[in-house]
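Tertiary structure, described
These are the residues of each chain, in order.
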Amino acid sequence: MSEQSALEKFQTLPAAVREKVETAISDAKIELKLRVGLMLADQKETAEHKVTTAGRVGAKSGEVSELTVIMPLKSDGAARLRKFFKVIDGNLAGAGQVGTLHNMRFVFLENDTKLLFATAYDGEWDPYIDDFATKIPEFMDYLFRNVEGWPGIASPDVKDFIVKYQIPAEAWFVSHPNLTVAEANRLKRQDETVQSFLADLN
Amino acid sequence: MDLFRRIRRKPTLELEDIQATVLRARPEPYFGTHAILEITDPAAGKELLRRLAPRVTSAARWDEPQPSWMALAVTYQGLVALGVPESSLSSFPANFRAGMAARAERLRDTGPNAPEHWEFPFGTARVHVAVTVFAENEADWQSEVAAYERELREVPGVNLLSHQDFGADGFNVFGYRDGFSQPVVEGSGAEPLPGDGRPIKAGEFVLGYPSETGSPLATPAPDVLGRNGTYVVFRKYHSHVDAFNRYLHDNGRTKAERELLAAKLVGRWRSGAPLALAPDRDDAALGADPKRINDFDYADDPRGLHTPLGSHIRRMNPRDTKLEVLTDVNIRRIIRRSTSYGEPLPADALTDDGRPRGLDFIALGARAIDNVEFLQSEWVNSGNFVGLGKEKDPMISLQDKKGAYFTVPGSPPRRIQNIQSFNTLLGGEYFFMPGLSAIDWLSR
């Protein structure tokens, strides 16, 4: 699209949208202004991806929330965690049983002195911490005891401890904000049924 | 129905220091009063506690019938009004300190259930002390209430903000038997009845004892204040029985069809007989038998063909249902002491008579506040935990104005549209129910 036609198209957007764009990103090229303007003008799309809060801290889009923590590691923490991740080839398949985790990652930062843990999960983060404390306490404590000051998953202070290190995302996008892990599992089961029905039919 | 279990083992809990209501079952029929008081100066508050302390019944011999008993509980604002030191105040959990109204978002108390619509005095900082009288007959109820009111009159500086009577014969205003499913508290000495499941660690219900984690849950300081106490969640609902009846009539042509749908919504027939044991028709004898009424699980009903996955009792106590989300159902149990008020509306009444009727939902437990917040967001106002997406609890959720439905599993499943909220929240509070020595400590 030429600069001229981008400008013409930009002029067709609602005045409020144009003003918002011009105020916030006046230094951007008109092509970007047009893209941002079009996005803001698409109310259905923006409503579906509306970013709300995941309880105490963190962003949420639809049903899916984000959690990022950067925690200080004990001196041998990274080495111990690496050993563990190596045994399982970095494969955390068992985490599927939690039922709310879309993904998670463990990254060592700053010369193995810090752990970045980031995850996308369904709902708000604290309702199920208590369940971790009685259902999978060994696993939680095995991983996080390598963190300096970890109070233990069963400690009443554990939620405050996590919040202390949590850094909320400033922007958050989820392609299917209303598709929880449970809903995705249900759709997969439905699709399998439909596929085998089609296979049998022919 | 005789709701009293027997003490069959030697209790290991300090029953004489724990309030009766924690373990004592509601009789049938029952009569009673919930009163809410405001303390205007600490000395008056302490004087009130000193006077009421001898009337607060302990859980000793909780299995023996008693004509009446009294319970007492305090809000965070009440502790402040009593002049409890900051070191104690700050040892209480954050959601208790904030109070129920401040937790509205977490509790999904929005729209018509939002605190701005609540009845006075709920949600105000003036709610300090709750006094509840339970009785098994009218005369003992009146004399117990009169006795507490005599003490109240003697203490200027304490105001009565609300007085609500309740009472029923064991059936709620929708016509269902209720209040009979309770967790077995380890150390209480209670005999487990068939289907109760294993006893749950005492620390889940009474502060100061080991919980399901193996250690006691966080207990307020000092120990004398926290020990043998518990938390109480009180939520007063107005029931729209007419709307419930209309929903049944809109979706059932005959009485039999309507009663089956009524059972599918709850998971039990109105008699209390569970669909799990009586899938096709009501069985009144089963509903009246405490040894059989809970003697079931869902092992042979994974799809909910008998008891729908979204039915009220399967949501509130999923038993062995395979859940989509890692959950420990043993830490989500609550002791239920709910009370009904107002006259039931018969099943054929399709218009509102404008009279007050409903349920005071009352949950007790060391995690009661966390658990009601959990239940409201995860098990009541969502269906995700059992793979039902956005479908909500048919009885106590806040339904969306448009597009809400209830699914009766089957081949094919039946999706019944336009379900409404059958209960509206009129208000509620978080309380701490201190042990008897803690009441003494608070009064000094």
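The present account deals with the structure reproduced in this document. (Residues numbered from 1 in each chain as written. Chains lettered and ligands numbered in written order. Predicted model: local features only at pLDDT ≥ 70, side-chain atom pairs only at ≥ 80, totals over all residues. Heavy atoms only, no water.)

**Observations concerning the side chain of Arg337 of chain B**
Residues and elements named next belong to chain B.
- Mapping Arg337 onto the fold places it in the loop between strand E6 (335-336) and strand E7 (339-341).
- Asp178 is the oppositely charged side chain nearest to the buried, salt-bridge-free Arg337, at an N-O distance of 11 Å.
- Each residue touching Arg337, except ones within four places of it in the same chain, is listed here: Thr21, Val22, Leu23, Arg24, Ala25, Phe134, Gln182, Ile362 and Leu364. (Helix = DSSP H or I, 4+ residues; strand = E, 2+ residues; numbered from the N terminus. Buried < 20%, exposed > 50% of the residue type's maximum accessible area, 1.4 Å probe, protein only. Lys, Arg positive; Asp, Glu negative; His and termini not counted. Salt bridge = Lys/Arg side-chain N within 4 Å of Asp/Glu carboxyl O. Contact = heavy atoms within 4.5 Å.)

**Remarks on the nonpolar core**
- Judged by nonpolar contacts, the single largest core of 149 residues is most densely connected at Phe144 of chain A together with Phe96, Tyr148, Phe244 and Leu265 of chain B.
- No other element matches the 7 residues that helix H13 (residues 368-380) of chain B contributes to this core.
- Among residues more than four places away in sequence, those in contact with Leu265 of chain B are Phe244, Tyr247, Leu248, Ser311, His312, Pro394, Met395, Phe406 and Ile419 of chain B.
- Residues Ala20, Tyr30, Trp69 and Phe166 of chain B belong to the second largest nonpolar core, which totals 8 residues. (Core = buried A, V, L, I, M, F, W, Y, C linked by side-chain atoms within 4.5 Å.)

**So, the sheet that holds strand E3 (residues 64-72) of chain A**
Residues and elements named next belong to chain A.
- Spatial strand order, E1-E2-E3-E5-E4: 5 strands in an open sheet with antiparallel pairing. If you trace the sheet from one side to the other, it starts and ends with strand E1 (51-53) and strand E4 (101-109), each paired once. Taking the axes of each pair of neighbouring strands and ignoring which way they run, one obtains an average angle of 25 degrees across the sheet.
- In terms of strand pairing, E1 meets strand E2 (residues 59-61) through 3 bridges, oriented antiparallel. Bridge pairing links Thr52 to Lys60 in E2. (Pairing = 2+ DSSP bridges. Axes fitted to C-alpha atoms, helices over the stretch in contact; angles between N-to-C directions.)

**With respect to the pairing of strand E1 (residues 30-39) of chain B**
Residues and elements named next belong to chain B.
- Of all 10 residues making up E1, 9 are buried, and the element is well covered by its neighbours.
- Pairing of E1 with strand E4 (residues 158-168) involves 10 bridges; the strand directions are antiparallel. Paired with Glu38 across the two strands is Asn159, which belongs to E4.
- Alignment of E1 against strand E3 (residues 129-135), held across 7 bridges, turns out to be antiparallel.

**A short note on the interface of chain B and chain A**
- With 22 residues of chain B at the contact, the number on the chain A side is 25 residues.
- Taken together, the two surfaces of chain B and chain A that pack against each other cover about 2,000 Å², and 50% of this comes from carbon and sulfur.
- In this structure, the connection of chain B to chain A is made through 6 salt bridges.
- Notably, a salt bridge pairs Asp130 of chain A with Arg367 of chain B, separated by 4.0 Å at the nearest N-O pair.
- Put simply, chain B and chain A have 10 residue pairs in polar contact (both at pLDDT 80 or more) between them.
- Broken down by element, the side of chain B that touches chain A gets its largest block of residues, 3 residues, from H13 of chain B.
- In the side of chain B that touches chain A, the residues fall into 6 nonpolar, 5 polar and 11 charged. (Buried area = accessible area lost by both parts, 1.4 Å probe. Polar contact = N/O pair within 3.5 Å; in protein donor to acceptor, adjacent residues only side chain to side chain. Nonpolar A, V, L, I, M, F, W, Y, C, P; charged D, E, K, R; others polar.)

**Details of a nonpolar patch on the surface**
- Nonpolar side chains collect at one region of the surface, where Val194, Phe197, Leu198 and Leu201 of chain A lie side by side and expose about 390 Å² of accessible area between them.
- Among the secondary structure elements, Leu201 of chain A is positioned in helix H9 (residues 181-201). (Patch = residues over 30% accessible without salt bridge, like charges linked within 9 Å, V, L, I, M, F, W, Y side chains within 5 Å. Areas by Shrake-Rupley, 256 points an atom, 1.4 Å probe, with all protein chains shown as cover.)

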